[in-house]
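Working through the structure, step by step
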Amino acid sequence: MDTAQFISKSSIKSIEKASFTWQTPSNIALVKYWGKSNPQIPKNASISFTLNNCHTITTIDFQRKSNADRVSETGKLVDFDLFFEGKRKEEFKPKIAEFFTRIQEYCPFVFGYKMTIHSENSFPHSSGIASSASGLSAIAMCLMSLEFKLNSELSQEFINKKASFLARLGSGSASRSIEGPLVVWGKHSEIEGSSDLFGVPFPYKIHSVFNKYQDVILLVDKGEKQVSSTVGHNLMHNHPYAETRFKQANENVTKLSKILQNGNLKAFVNLVESEALTLHAMMLTSNPYFILMKPNTLEIINKIWEYRLENNSNICFTLDAGANVHVLFPEEEKENVCQFIENQLAKYCQKNHYICDTVSFGATKL
Ligand code: PMV
């Protein structure tokens, strides 16, 4: 795999001080990634909708260190302070430090700077919405802004590609949080330009029915997950159904690619719900086994099925690695479905909380 392309060239310019702010979104997978090999290489291709309202805003202030040349030797620790929602957060630092270690080969310039990172999420912390995708993609974009300042020959296309590559090394699904409205991550024979190393925007014309597709996230359980996705991915190593699942996911990418182009919503609903339930079936059949859905997750799923039948609707659900339910539907159904959610589904959410979101276009520089 061609990772050498991502090793930054020695900088042409010398920059003393810089500051960049990026807003990057969360994403929701339609065909799921579950199972990987080192270093963060997915076992199958996945496709996600890029979200809009669920995002992270991150500013990184870079201050060049006086002994910059000497600290650029590998093996040194990257020097940074981290503030989350205005408060210093020591407990978040190890994960970010680990991320910097993983990317040091590709961004050696970070050793030359002291970084101060300020980050905030648009969604409540511990809402059960994974912040790793938006959080790591925001840091990756700030690093790429500095790299661009150091070497202005980089193209926008390369910047996005490398940002996705870097974000992936922090959290696999973060590779799909740079662009939009649909991103494919993982090499797939029928998706031109796809790669295991970074996400690419879905390369074919998307049917207009998917414009401004809606995602209402029902916050069933805001608590910390009992099983982290790292542990979950690892349990796919000796999983009896793993190979069949990886094959099925790749076939589903082929099917979904056609659906996204022809706008067949009935087929979309069927495929997306099947993917969500299969992801959780992999958890149920892991050893040790685990369940991330809660009773209210199932209550909501049944209500969605009832509503769909009674109203000839194209509403459907998908699930992340957690109990929350993402309710997906076309924009033209917005009024009716939002009423249904408020009247019949909100009561299954913790404190009646849910977040209305829309499919969107990815990272924005502020
Ligand atoms: O990016 P990770 O390691 O947190 O894994 C995410 C896995 C799922 O959210 C369950 C599926 C996906 O493709 O996003």
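Predicted, not measured: the structure shown is a model, and the values here were computed from it.

1. Regarding the packing of aromatic side chains
- Considering all chains together, one arrives at 18 aromatic pairs under this definition.
- With 5.3 Å between their ring centres and 65° between their planes, F84 and F92 make a pair best called edge-to-face.
- The class for F84 is buried, based on a relative accessible area of 9%.
- Geometrically, the ring pair formed by Y213 and F268 is edge-to-face, given 5.5 Å between the ring centres and 70° between the ring planes. Taken as a pair, Y213 in the loop between β9 (199-201) and β10 (214-218) and F268 in helix α7 (residues 265-284) lie far apart in primary sequence, 55 residues in all.
- Ring pairing ties together the aromatic residues F6, Y106, F158, F165 and F198, which thus form one cluster.
- The aromatic ring of F92 is capped on one face by K89, whose charged end is 5.6 Å from the ring centroid.

2. Points about the pattern of salt bridges
- As enumerated under the stated definition, the model contains 11 salt bridges in all.
- Measuring nitrogen to oxygen at the nearest pair gives 3.5 Å for the salt bridge that ties K114 to D79. Here K114 is found in strand β7 (residues 113-121), whereas its partner D79 is found in strand β5 (residues 79-84), with 35 residues between them in sequence.
- Relative accessible area serves as the criterion here: at 26%, K114 is assigned to the partly exposed category.
- The network of salt bridges with shared partners includes K65, D79, D81, R88 and K114.

3. Topic: the sheet that holds strand β13 (residues 354-358)
- As summarised here, the arrangement of the four strands in space is β11-β12-β10-β13, forming an open sheet in which the pairing is antiparallel. Strands at the two margins of the open sheet, each flanked by one partner only, are β11 (316-319) and β13. Going from strand to strand, the sheet's axes swing by 25° on average, the running direction of each strand aside.
- Pairing of β10 with β13 involves five bridges; the strand directions are antiparallel. Residue pairing across strands places V216 opposite C356, the latter belonging to β13.
- Here α7 sits on the sheet and contacts β11 and β12 (325-329); the angle it forms with β11, its principal contact strand, is near 30°.
- Each of β10, β12 and β13 is contacted by helix α9 (residues 334-345), which is oriented at about 155° to β12, the strand it contacts most.

4. Structural notes on unusual backbone geometry
- Across the junction of N38 and P39, the peptide omega takes the value -15°, indicating a cis bond.
- With respect to the helices and strands, P39 occurs in the loop between β2 (36-37) and β3 (41-42).
- Note the cis peptide between G180 and P181, where omega equals 0°.
- Tracing the backbone shows P181 in the loop between α4 (156-170) and β8 (182-185).
- Positioned with a positive phi, K212 is a non-glycine residue whose angle comes to about 50°.
- Of note, the phi angle at N312 is positive, near 50°, even though the residue is not glycine.

5. A closer look at the site of the ligand
- Within the structure, the ligand sits among 13 residues, and Y33, S173, R176, S229 and H233 are positioned closest to it.
- Take S171: an N or O atom from its side chain is 3.1 Å from an oxygen atom of the ligand.
- In the model, an oxygen atom of the ligand is placed 3.0 Å from a nitrogen or oxygen of the S229 side chain.
- Across the complex, the protein chains shield 91% of the 390 Å² of accessible surface that the ligand would expose by itself.
- Taken together, the residues of the shell around the ligand break down into five nonpolar, five polar and three charged.
- When residues of the shell around the ligand are assigned to domains, at least three map to each of domain 1 (10-204) and domain 2 (210-358).

6. Quick look at the side chain of S134
- The residue S134 is located in helix α3 (residues 132-150) in this model.
- The class of S134 is buried, set by a relative accessible area of 0%.
- Within the structure, the side chain of S134 is placed 2.7 Å from the side chain of T56, a separation counted as a polar contact.
- Sequence-distant contacts of S134, defined by excluding residues within four places in its chain, comprise T24, P25, S26, H55, T56, F123 and S177.

7. Observations regarding the pairing of β7
- Direction of pairing for strand β4 (residues 46-64) relative to β7: antiparallel, over a ladder of nine bridges. Bridge pairing in β7 links Q63 to K114.
- Looking at chain direction, β5 and β7 are connected through six bridges and run parallel. Bridging across to β7, D81 finds its partner in T116.

What counts, and at which threshold
Residues numbered from 1 in each chain as written. Predicted model: local features only at pLDDT ≥ 70, side-chain atom pairs only at ≥ 80, totals over all residues. Heavy atoms only, no water. Phe/Tyr/Trp six-rings, centres within 6.5 Å; stacked < 30°, edge-to-face > 60°. Buried < 20%, exposed > 50% of the residue type's maximum accessible area, 1.4 Å probe, protein only. Helix = DSSP H or I, 4+ residues; strand = E, 2+ residues; numbered from the N terminus. Lys NZ or Arg CZ within 6 Å of the ring centre and 35° of its normal. Salt bridge = Lys/Arg side-chain N within 4 Å of Asp/Glu carboxyl O. Pairing = 2+ DSSP bridges. Axes fitted to C-alpha atoms, helices over the stretch in contact; angles between N-to-C directions. Contact = heavy atoms within 4.5 Å. Near = heavy atom within 4 Å. Polar contact = N/O pair within 3.5 Å; in protein donor to acceptor, adjacent residues only side chain to side chain. Areas by Shrake-Rupley, 256 points an atom, 1.4 Å probe, with all protein chains shown as cover. Nonpolar A, V, L, I, M, F, W, Y, C, P; charged D, E, K, R; others polar. Domains from an automatic or database assignment.

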